[in-house]
Amino acid sequence: MELWIATGNKGKLEEYTLALKSLPDLKLFSQADLKSFTPRPEDGQTFLDNARIKARSVKSLKPEAWVLGEDAGLEVEGLGNLPGVHSARYAGPHARDSENVAKLLKMMQIRNISPRTAHFKCVSVVLTPQGDEWIFEGKLSGKIGSKPVGLMGFGYDPIFIPDGEEKTLAELGPGYKIQKSHRAQALSQFLAKLKEL
Ligand code: IMP
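Definitions and cut-offs
- Residues numbered from 1 in each chain as written.
- Predicted model: local features only at pLDDT ≥ 70, side-chain atom pairs only at ≥ 80, totals over all residues.
- Heavy atoms only, no water.
- Phe/Tyr/Trp six-rings, centres within 6.5 Å; stacked < 30°, edge-to-face > 60°.
- Helix = DSSP H or I, 4+ residues; strand = E, 2+ residues; numbered from the N terminus.
- Buried < 20%, exposed > 50% of the residue type's maximum accessible area, 1.4 Å probe, protein only.
- Expected span 1.5 Å × (residues − 1).
- Arc of directions from axis to C-beta.
- Near = heavy atom within 4 Å.
- Polar contact = N/O pair within 3.5 Å; in protein donor to acceptor, adjacent residues only side chain to side chain.
- Areas by Shrake-Rupley, 256 points an atom, 1.4 Å probe, with all protein chains shown as cover.
- Nonpolar A, V, L, I, M, F, W, Y, C, P; charged D, E, K, R; others polar.
- Right-handed = clockwise from strand over helix to strand, strands pointing away.
- Salt bridge = Lys/Arg side-chain N within 4 Å of Asp/Glu carboxyl O.

On inspection of all chains with the given rule, the structure shows seven aromatic pairs. Ring geometry for F120 against F160: centres 4.6 Å apart, planes inclined by 55 degrees, an arrangement best described as tilted. Within this pair, whereas F120 is found in strand β5 (residues 117-127), its partner F160 is found in strand β7 (residues 160-162), the two being separated by 40 residues in sequence. We note that F120, like F160, is buried.

Pasting the structure below:
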């Protein structure tokens, strides 16, 4: 089976590749493998809206394929769940991960946020070759550290410490993320549903 991941995010794609590498019958592709692909603006109000936008944009070029579109983000409870759907662009339209992290730490400092509880959310929309839409969700709870630590992963990984851990996701690395992350939870629900077919 061919599965198309509707993402241009290299960090995410690495996680999917690692998580699915033990399934030899599943061949992974991404929008980078399409000859002419222009991403649509992610202007939805929710993770589900944006996951749909991504999935549908690839599906329109690959109507016969399995397509997985996914939107994820970090919600800091003391900041009213920001940056949320704005996670990728929190510090501006073309912000780098390090700039988003710096802005988040600054906002938390200015507003003296305590406790520093937060969670990642992931919503995946799978469009099947038959035209059905499947929706899966994952959540990883934890807290925001005081400074970036660790070199692995992407996005807010260097400042996110999952519940029950003392290290950030950027220290725990991809082995941890493909087992326990918000993304891994949504993916394992998808794989379970596939098995039922
Ligand atoms: P998008 O889902 O590709 O639009 O990206 C959302 C943004 O949320 C990313 O650019 C990261 O900043 C953040 N994000 C989503 N998932 C993760 C994760 O697993 N670790 C760290 N940051 C993440």
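Before going further, it helps to spend a moment on helix α3 (residues 97-110). Relative to the 20 Å expected for 14 residues at 1.5 Å per residue, α3 spans 20 Å between its end C-alpha atoms, a close match to the ideal helical length. Here α3 has its buried residues at N100, V101, L104, L105, M107 and M108. Around the axis of α3, the buried residues are gathered within 160 degrees of arc, so they sit on the same side. Residues of α3 that are exposed and angled more than 90 degrees away from the buried face: K106, Q109 and I110.

Turning our attention to the site of the ligand. In the region of the ligand, 17 residues are neighbours, and K12, A72, D157, K177 and R183 sit closest. At 3.2 Å from an oxygen atom of the ligand is found a side-chain nitrogen or oxygen belonging to K54. A distance of 3.1 Å separates a nitrogen atom of the ligand from a polar backbone atom of Y156. For the ligand, whose free accessible area comes to 490 Å², the fraction covered by protein is 94%. Where the shell around the ligand is concerned, the elements lending two or more residues are β3 (66-76) and α6 (182-196). The greatest single-element share of the shell around the ligand, amounting to three residues, is contributed by β3. Of the residues contributing to the shell around the ligand, the split by class is five nonpolar, five polar and seven charged.

With four of five residues buried, strand β1 (residues 2-6) lies mostly within the body of the structure. The handedness of the β1 to strand β2 (residues 27-30) crossover, carried by helix α1 (residues 10-20), is right-handed.

Here the focus is the environment of H86. Note that H86 resides in the loop between β4 (82-83) and α3. A residue is classified by how much of its surface remains accessible, and H86, at 44% relative accessible area, is partly exposed. Separated by 43 residues in the primary sequence, H86 and D43 place their C-alpha atoms 9.6 Å from one another.

Turning to the pattern of salt bridges, a few remarks are in order. Following the criterion strictly, the structure yields 13 salt bridges and no others. The salt bridge involving K54 is made with E42; its shortest N-O contact spans 3.6 Å. Of this pair, K54 sits in helix α2 (residues 47-59) while E42 sits in the loop between β2 and α2, and the two are 12 residues apart along the sequence. For K177, the salt bridge identified is with D157, shortest N-O distance 2.9 Å. Taken together, the positions of K177 in helix α5 (residues 174-180) and D157 in the loop between β6 (133-144) and β7 put the pair 20 residues apart, joining distant regions of the chain. We note that K177, like D157, is buried. Each of the salt bridges in this network shares a partner with another, and the network as a whole consists of K12, E15, E70, D157, K177 and R183.

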